[in-house]
Amino acid sequence: MSATRTRPLGVAVIGAGMAGRAHTAGYRAATTLAGGPHGEGLPPVRLVAVADAHAPFAQAAAARYGYERAETSWQAIAEADDVDAVSVVVANHLHREIVEGLLAAGKHVLCEKPLAPSVADAEAMVAAAAAHPDQVAAVGFTFRRSPAINGLREQVLNGHLGQVRHFNGHYWCDYAANPDAPISWRYKGGLGSGALADIGSHLVDLGEFFCGPLESVRGTVFSQVTARRPKPVGAVVGHAMAEIGTEFEDVENEDLVTFTATFANGATGTFSVSRIAHGLPNGLGFEIFTENGAGAFDLNRTGEFTIADHTAPGAVSGYRQVLVGPAHPYVAGGLPMDFPSVGHGQNDFFTFQCRAFLNEIAGGVGTPIGDLPVVPPMAHGLHNLRVLEAVTKAADGTGEPVPVD
């Protein structure tokens, strides 16, 4: 698709839950990003439809974010002549059927992570994408769009900090800390499909964002704390609490997982993931220790990162706070008030991601308008699942490294 296209790009979102609303809002704001790396020449964007099997969710999201209509099936989106680009933000086990159907219908597709519930399903989705080479087929890892994370990564790539030797990451959440939180699809699917797939997939991706591909993993420990959960009386959005009934269902996967890893460049990774970390609604953070210093990021302080190097005299050497501003990626033209220390949040990451997706559609697969990095292709989502599969295999108790296929 050429950057000279004038017909509006029609967008739709399938899934009106927590992350679905983030995509829905992201497309609405994506056209407000101005110049610079965000690119010029984006055609008009038309907010066409939000689809959700639970009609009230679709209707509420469409009305709230200014979409033209609400639908109750993904098929209605696939059949719509006025939809060009679609975000798929539903339960993992539904991804394959929907993505394959949308690609067959000629749509560009951005699928939330993890790409699929299994490597086999992801392989089929990648094959479907390969059969439609003129359509953008991408997977969403939104933390790659953090200005602070990218600002710290630049200090690695430009040689100031040098190669990472140790990535230590955690993603600690508390959405499952309450045993009365209702059962949902997140608690189904077997070992590796719980905390590891839901939030650990992000952490693995960030490790590779800094260190390159993982080579092997070892020493996985899975733990389950709550074995049964009550069924909700009605529909539930995201991690929200809801009225529960007297019926219970088995929890089929893990509440927390730890493992270690070796990257192809020789760096070591240590990872800790939990959905029962009391008091931490969204506790993502990591440290990097490098040839020439160190750095850290905490999602609860999105507008900053910390860094330590050899530039300060010994008496005052140590970590220092770096406030994010227009000298860092995404900020200039990406925020209404784009000067240092204004601050931003995780919702902005979705806006940057939606803009990158639209830019690539407008410019053509692999050649987007502007300088925003493209959203990772579905093949990257398949790789991420292969890492998660190796992590699961490494829980066999032998302690031997399990290679990432």
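Given the structure is predicted, the values throughout are model-derived calculations rather than measurements. (Residues numbered from 1 in each chain as written. Predicted model: local features only at pLDDT ≥ 70, side-chain atom pairs only at ≥ 80, totals over all residues. Heavy atoms only, no water.)

With respect to the helices and strands, the residue arginine 186 is situated in the loop between β7 (164-172) and α7 (195-211). There is a polar contact of 3.4 Å between the side chain of arginine 186 and the side chain of aspartate 198. (Helix = DSSP H or I, 4+ residues; strand = E, 2+ residues; numbered from the N terminus. Polar contact = N/O pair within 3.5 Å; in protein donor to acceptor, adjacent residues only side chain to side chain.)

Next up on the list: the pattern of salt bridges. All told, the structure shown has 19 salt bridges when counted by the stated rule. Measuring nitrogen to oxygen at the nearest pair gives 4.0 Å for the salt bridge that ties aspartate 198 to lysine 113. One end of the pair, aspartate 198, is in helix α7; the other, lysine 113, is in the loop between β5 (108-112) and α5 (119-130), with 85 residues separating them in the sequence. Like aspartate 198, the residue lysine 113 is buried in the burial classification. (Salt bridge = Lys/Arg side-chain N within 4 Å of Asp/Glu carboxyl O. Buried < 20%, exposed > 50% of the residue type's maximum accessible area, 1.4 Å probe, protein only.)

Here we take up empty space enclosed by the protein. One simple way to see leftover space: roll a probe sized like a water molecule over the atoms. A complete count under the given rule lists one cavity of 30 Å³ or more for this structure. One number sums up the size of the largest cavity: a volume of about 40 Å³. Taken together, Val324, Val331, Leu335, Phe339, Ser341, Val342, Gly343 and His344 form the lining of the largest cavity. Per-class residue counts for the lining of the largest cavity are five nonpolar, three polar and no charged. (1 Å grid on protein atoms, 1.4 Å probe; cavity = no way out; pocket = protein on both sides within 12 Å on 5 of 7 lines; lining within 4 Å. Points joined across faces, edges and corners; volume = space filled by probe spheres on them. Nonpolar A, V, L, I, M, F, W, Y, C, P; charged D, E, K, R; others polar.)

The next subject is a nonpolar patch on the surface. Taken together, Met337, Phe339 and Val342 make up a surface patch of nonpolar side chains, about 270 Å² in accessible area. Mapped onto the elements of the fold, phenylalanine 339 is located in the loop between β16 (320-323) and α8 (346-363). We classify phenylalanine 339 as partly exposed; its relative accessible area is 45%. (Patch = residues over 30% accessible without salt bridge, like charges linked within 9 Å, V, L, I, M, F, W, Y side chains within 5 Å. Areas by Shrake-Rupley, 256 points an atom, 1.4 Å probe, with all protein chains shown as cover.)

Further remarks concern the packing of α7 against helix α9 (residues 378-393). Interaxial distance between α7 and α9 falls to 10 Å at its minimum, and their mutual angle equals 110°. Accordingly, the angle class assigned to the pair α7 and α9 is roughly perpendicular. Of α9, the residues touching α7 (which contributes Leu196, Ala197, Ser201, Val204, Asp205 and Glu208) are His380, His383, Asn384, Val387, Leu388, Val391 and Thr392. Across the contact of α7 with α9, the residue classes break down as six nonpolar, five polar and two charged. (Axes fitted to C-alpha atoms, helices over the stretch in contact; angles between N-to-C directions. Parallel < 35°, antiparallel > 145°, perpendicular 65-115°, else oblique. Contact = heavy atoms within 4.5 Å.)

Within strand β15 (residues 304-308), four of the five residues are buried, which leaves the element mostly enclosed by the surrounding structure. As defined by bridge partners, strand β14 (residues 294-298) adjoins β15 across three bridges and the pair is classed as antiparallel. Bridging from a neighbouring strand, alanine 294 pairs with alanine 308 of β15. The turn joining β14 and β15, which pair antiparallel and follow one another in sequence, is formed by five residues. (Pairing = 2+ DSSP bridges.)

What follows is about the pairing of β5. For β5, a buried count of five out of five residues is recorded, marking the element as mostly surrounded by other parts of the structure. Taking every second residue as pointing to the same face, both faces of β5 are buried, with His108, Leu110 and Glu112 on one and Val109 and Cys111 on the other. In this sheet, β5 lies alongside strand β4 (residues 85-88) in parallel orientation, the contact comprising four bridges. In the strand pairing of β5, serine 87 is matched with leucine 110. In this view, the connection linking β4 to its parallel neighbour β5 by way of helix α4 (residues 95-104) has right-handed handedness. Traced from β5 through α5 to strand β6 (residues 137-140), the parallel crossover comes out right-handed. (Right-handed = clockwise from strand over helix to strand, strands pointing away.)

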